[in-house]
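Summary of the model geometry
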Amino acid sequence: NAGVMQNPRHLVRRRGQEARLRCSPMKGHSHVYWYRQLPEEGLKFMVYLQKENIIDESGMPKERFSAEFPKEGPSILRIQQVVRGDSAAYFCASSPPPYSDTEAFFGQGTRLTVV
Amino acid sequence: AQSVTQLDSQVPVFEEAPVELRCNYSSSVSVYLFWYVQYPNQGLQLLLKYLSGSTLVKGINGFEAEFNKSQTSFHLRKPSVHISDTAEYFCAVSDGSGGYQKVTFGTGTKLQVIP
C-alpha cells in the first residue's frame, strides 16, 4: 500500500506563473488536507477536501489559491500568479473518513521556489 | 479556537542523555494531541497520539508523552537519545471538529543530538 504521493517534489516558478501541486492519497482514503510550511515556521492548515467537495477552506488565502479533489485523479492545489512569498513547502495528508481512529498520513511535500 | 505553544525552538542534548520537548496547548473543548517528527527534507511521521484513555502514551522509537489536563501540557520524552533522533518535532492539537485529522501545529522544536 503506497503512502501519500506528492509531485513534483521540487517546483521552481517565476513570479507571475502558475503552480500546480498534486497529491494522490493513500488507497482507501477519501479525505485530503493541505498544509503550508513557511521557512522556519510550523505547518499551517490550508484546506480540507473530500472527493468533489471542499469541507473547510478557512486557511486558504482569499486570492490566487484554489484546491480541488475530483472524483477521479489526485487532489490539486493551484496557485495562480505566484509571488516570492509563496515559496514554501506544501504538504498533503490523507485519511479515512473523520471520526475513525486513524490519524492523517503525510506525503513528503512539494517545495515551491518562486524566483 | 485552539493553539499550540512549543516553548523551545532548539534543544541540544548529548547522545544517550534524556530529553524532554515541551508542548502546551489551549482549547475550549476536548482535545486530541499528537507529536510528529520531520527529518530533513522529508514529510511528517506520527510519533504518538492521545485520543482518550491513559494519559501516558507510548510511541515509536522509544518516545512517550504525558497528557496533563490541569497544566494543559503534552510534553514529549525519551530516556536516552540517539544520533538518529536529530530532527524537528512538532506538537499538534485537534478539537475533533470534522474529525481528529485536522490539526493545528506548533512552531516546532529542533532536536540536535551531540555525539
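None of the values given here were measured: they were computed from a predicted structure.

**A short note on the state of the cysteines**
The bond known as a disulfide is covalent and runs between the sulfur atoms of two cysteines. Residues and elements named next belong to chain A. This model, assessed by the stated rule, comprises 2 disulfides over all chains. Between Cys23 and Cys92 runs a disulfide, and the two sulfur atoms are separated by 1.8 Å. The chirality of the disulfide connecting Cys23 with Cys92 is left-handed, given an S-S dihedral of about -50 degrees. Placement of Cys23 in strand β3 (residues 19-24) and of Cys92 in strand β9 (residues 88-95) is noted, with a sequence separation of 69 residues between them. You'll find Cys23 and Cys92 in the same group, each marked buried.

**Overview of the interface of chain B and chain A**
Tallying the contact residues gives 23 residues for chain B and 27 residues for chain A. When chain B packs against chain A, close to 1900 Å² is buried across both sides, 49% of that on carbon and sulfur atoms. Counting the contacts that link chain B with chain A gives 0 salt bridges. At the level of elements, β5 (32-38) and β6 (44-50) of chain B are the ones that each hand at least two residues to the side of chain B that touches chain A. Looking at the side of chain B that touches chain A, its residues break down into 9 nonpolar, 11 polar and 3 charged.

**Some details on the nonpolar core**
All names here are of chain B. Ranked by size, the top nonpolar core spans 27 residues in total, and within it Leu33, Trp35, Leu47, Leu48, Phe74, Leu76 and Tyr89 carry the most contacts. Elements with a minimum of two residues in this core: β2 (10-14), β3 (19-21), β5, β6, β8 (64-68), β9 (73-78), β10 (87-94) and β12 (109-114). At 4 residues, β10 tops the list of elements feeding residues into this core.

**A look at unusual backbone geometry**
For the bond running from A:Asn7 to A:Pro8, omega is 0 degrees, close enough to zero to count as cis. Relative to the helices and strands, A:Pro8 is located in the loop between β1 (5-7) and β2 (10-13). Phi at A:Arg64 is positive, roughly 75 degrees, even though this residue is not glycine. One can find A:Arg64 in the loop between β6 (53-56) and β7 (65-68). Residue A:Arg64 is classed as partly exposed on the basis of its relative accessible area of 25%. One non-glycine residue, B:Thr72, adopts positive backbone phi at about 45 degrees. Judged by its relative accessible area of 31%, B:Thr72 is partly exposed.

What counts and how
- Residues numbered from 1 in each chain as written.
- Chains lettered and ligands numbered in written order.
- Predicted model: local features only at pLDDT ≥ 70, side-chain atom pairs only at ≥ 80, totals over all residues.
- Heavy atoms only, no water.
- Disulfide = S-S within 2.5 Å.
- Helix = DSSP H or I, 4+ residues; strand = E, 2+ residues; numbered from the N terminus.
- Buried < 20%, exposed > 50% of the residue type's maximum accessible area, 1.4 Å probe, protein only.
- Contact = heavy atoms within 4.5 Å.
- Buried area = accessible area lost by both parts, 1.4 Å probe.
- Salt bridge = Lys/Arg side-chain N within 4 Å of Asp/Glu carboxyl O.
- Nonpolar A, V, L, I, M, F, W, Y, C, P; charged D, E, K, R; others polar.
- Core = buried A, V, L, I, M, F, W, Y, C linked by side-chain atoms within 4.5 Å.

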